Amino acid sequence: MKIQKVGQIAVPVKDLDRAVLFYKEKLELPHLFSSNGLAFFNCSGLRLLLSVPENEELTQASSIIYFQVEDIHAAYEELVNKEITFLDEPHLIAKMGQTETWMAFFKDSEDNTHALMSEFDV
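Please read all numbers here as calculations on a predicted model, not as lab measurements.

(A) Region of the structure containing the packing of aromatic side chains. Overall, the coordinates contain seven aromatic pairs when judged by the stated rule. Centroid distance Tyr23 to Phe41: 6.1 Å. Interplanar angle 45°. Geometry classified as tilted. Residue Tyr23 is located in helix α1 (residues 16–26), and its partner Phe41 is located in strand β3 (residues 38–43); the two are separated by 18 residues in the primary sequence. Accessibility expressed as a relative area gives 0% for Phe41, which makes it buried. Each member of the aromatic cluster is reached from another via a ring pair, and the members are Phe67, Tyr76, Phe86 and Phe106.

This is the structure:
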């Protein structure tokens, strides 16, 4: 067996309708379809699945999804203007040679933590 790529990531939500609005309107991800209590979004070829967990054991917060953007400062300002709650401002995480990695962490409508990330050569 050889894993080719990650095809889909599931994000647990408490209120599917509210979460769909957040990912569609605030993050502006293309909504692919909804069916049977599930909502699917496209993130540059990676599918995000939003769903209310089937049982209590699956209700913990999701893994952090790092959304890559070209200009982290502009993206941060745009999302702040959409009233997204950030845990911090864009900041330098690492410098590897000529490449800097910047991040800013935020909460989605369901209290999951995600991040914006940007990598560029200086």
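(B) Region of the structure containing the sheet that holds strand β4 (residues 46–51). Read from one edge to the other, the open sheet built from four strands follows the order β1-β4-β3-β2, with strand pairing classed as mixed. Looking along the sheet, the strands with just one partner apiece sit at the ends: β1 (8–12) and β2 (31–35). Strand-to-strand, the axes of this sheet are offset by a mean angle of 20°, without reference to chain direction.

(C) Expanded view of the sheet that holds strand β6 (residues 91–96). If you walk across this open sheet you meet the four strands as β5-β8-β7-β6, and the pairing is mixed. Each of the sheet's edge strands pairs with one partner strand only, and the pair in question is β5 (66–68) and β6. Strand-to-strand twist in this sheet, taken as the mean axis angle between neighbours without regard to direction, amounts to 30°. Where β5 and strand β8 (residues 113–121) come together, three bridges link them in parallel fashion. The residue of β8 that forms the bridge with Phe67 is Leu116. Sitting on the sheet, helix α2 (residues 72–81) touches β7 (99–107) and β8, and the angle it makes with β8 is about 150°.

(D) Representation of the nonpolar core within the structure. If you look at the biggest cluster of nonpolar residues, it comprises 25 residues, and the most contacted ones within it are Tyr23, Leu27, Leu50, Phe67 and Leu116. By residue number, the principal contributor to this core is α1, which donates five residues. Beyond its immediate stretch of four places on either side in the chain, Leu27 contacts Phe22, Phe67, Leu79, Ile84 and Phe106.

The rules behind the values
- Here, residues in each chain are numbered from 1, in the same order as that chain's written sequence.
- Local features in a predicted model are, by the rule used here, given only for residues with pLDDT of at least 70; side-chain atom pairs are given and counted only at 80 or more, and totals for whole chains, interfaces and linings are based on all residues.
- Excluding hydrogens and water, the side-chain values take into account all heavy atoms of the structure.
- Here a pair means two rings of Phe, Tyr or Trp (six-membered ring of Trp) with centres within 6.5 Å. Their orientation is stacked below 30 degrees between planes, edge-to-face above 60, and tilted elsewhere.
- Secondary structure elements follow DSSP: runs of H or I of four or more residues count as helices, runs of E of two or more count as strands, with numbering from the N terminus.
- Exposed residues in this analysis have more than 50% of their type's maximum accessible area, buried residues have under 20%, and partly exposed residues fall in between, with area computed by a 1.4 Å probe over protein chains only.
- Note on pairing: DSSP must find at least two bridges between two strands before they are called paired.
- Axis lines are fitted through C-alpha atoms, for helices just across the contact stretch, and the angle between N-to-C directions can take any value from 0 to 180 degrees.
- Contacts: residue pairs with any heavy atoms within 4.5 Å of one another.
- As used in this record, nonpolar core signifies buried Ala, Val, Leu, Ile, Met, Phe, Trp, Tyr and Cys residues forming a set joined through side-chain atoms within 4.5 Å.

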